[in-house]
Amino acid sequence: MGTILAISSQVARGHVGLSAVVPALHALGHEVIALPTIMLSNHPGHGDVAGQRMEPALLSRMLATLDAHGWLAGVDAVLSGYLPTPEHVAVVAEAVGLVRAHRATAPFCSDHVLGDDPKGLYIAEDAARSLAERLVPLADVIFPNRFELQWLASQPVTDAASAAMAGRALGTSVTVATSIPAGDDGLATMAVTAEEAWTRTVVRMNGVPNGTGDLLAALFTGHMVNACAAPIALKRSVIGVQEAICASAGRDELNLIAILKGFRR
């Protein structure tokens, strides 16, 4: 069990961003230091939304204060998610530097929230470029979906073989790629290293609530901090996400409360 510094979006209602990450990590026994990059009433997919971005300068002051108290010295891993501007990307790079000043081997797990099929990028391109240039080289684990992996690697990703090639081209220790086409009705989630690749395939489902990517990244990071090797972390994370999807049938948000205890399996 450890302490994880998580930096991402947060919503008042629902389970996306930190609102999915924090309960999942708590269920795995971890303490969480959570810094929101944006505060929203709800996921924008519901239509009207109210909220505002957190100023990067404020986040930097918060990090400095946490460090001055000595609390960043106890951080076991950093997990980042939605970063809307290059300045927010810089805050995450700063956070990783502060944590690694105390613990050089602390892993950095980056959930590159860039875009998705079929819309493409849904953050500004300067933010996406900054993320690719500054955070990919720092990251030990990244969590791109098919579109994001293809965009980051600048090469086609159409199946498991091409996903493995693209993941290895990025040079991170582990690439956890999601939404990889696998047959007519399948979607694969893969953990790719320089030498090996492990795949978990599920049946494609319609009407899945938002937040599954945030949940997967949190579960994989949490299992990894709990000393699970990549294939075991992958298996347990995919099972956890599938349980959440099944428990959320007919709902407009992930139903995490019903399955939190199952995340320990």
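For the structure, see preceding data.
So, a few notes on the structure that sits alongside this text. What you see is a predicted model, and the numbers here were worked out from it, not measured in a lab. (Residues numbered from 1 in each chain as written. Predicted model: local features only at pLDDT ≥ 70, side-chain atom pairs only at ≥ 80, totals over all residues. Heavy atoms only, no water.)

1. Here's the deal with the side chain of E148
Okay, step 1: As for its position among the elements, E148 is in helix α5 (residues 146-153).
Okay, step 2: Of the side chains with opposite charge, R146 lies nearest to the buried E148, which makes no salt bridge, at 10 Å.
Okay, step 3: Looking at E148, its side chain comes within polar contact range of the main-chain nitrogen of L114, at 2.8 Å.
Okay, step 4: Sequence-distant contacts of E148, defined by excluding residues within four places in its chain, comprise H112, V113, L114, G115 and F143. (Helix = DSSP H or I, 4+ residues; strand = E, 2+ residues; numbered from the N terminus. Buried < 20%, exposed > 50% of the residue type's maximum accessible area, 1.4 Å probe, protein only. Lys, Arg positive; Asp, Glu negative; His and termini not counted. Salt bridge = Lys/Arg side-chain N within 4 Å of Asp/Glu carboxyl O. Polar contact = N/O pair within 3.5 Å; in protein donor to acceptor, adjacent residues only side chain to side chain. Contact = heavy atoms within 4.5 Å.)

2. Details of the sheet that holds strand β2 (residues 31-40)
Okay, step 1: Across the sheet, which stays open at both edges, the 9 strands sit in the order β3-β2-β1-β4-β5-β8-β9-β10-β11 with mixed pairing between neighbours. With partners counted over all chains shown, the strands left at the sheet margins are β3 (51-53) and β11 (197-203), one partner each.
Okay, step 2: Pairing of strand β9 (residues 174-182) with strand β10 (residues 186-192) involves 6 bridges; the strand directions are antiparallel. Bridged to A177 within β10 is M190.
Okay, step 3: Set on the sheet, helix α6 (residues 160-170) makes contact with β8 (141-142), β9, β10 and β11; between it and β10 the angle comes to about 30°. (Pairing = 2+ DSSP bridges. Axes fitted to C-alpha atoms, helices over the stretch in contact; angles between N-to-C directions.)

3. A few points about the packing of aromatic side chains
Okay, step 1: Counted under the stated rule, the structure contains 1 aromatic pair.
Okay, step 2: Between the aromatic rings of F143 and F220, the centroid separation amounts to 5.8 Å while the plane-to-plane angle is 75°, which identifies the pairing as edge-to-face. Pair noted here: F143 is in the loop between β8 and α5 and F220 is in helix α7 (residues 212-225), with a separation of 77 residues, a long-range link. By the burial criterion, F143 is buried, and F220 matches it. (Phe/Tyr/Trp six-rings, centres within 6.5 Å; stacked < 30°, edge-to-face > 60°.)

What is shown is where atoms sit, not what they do.
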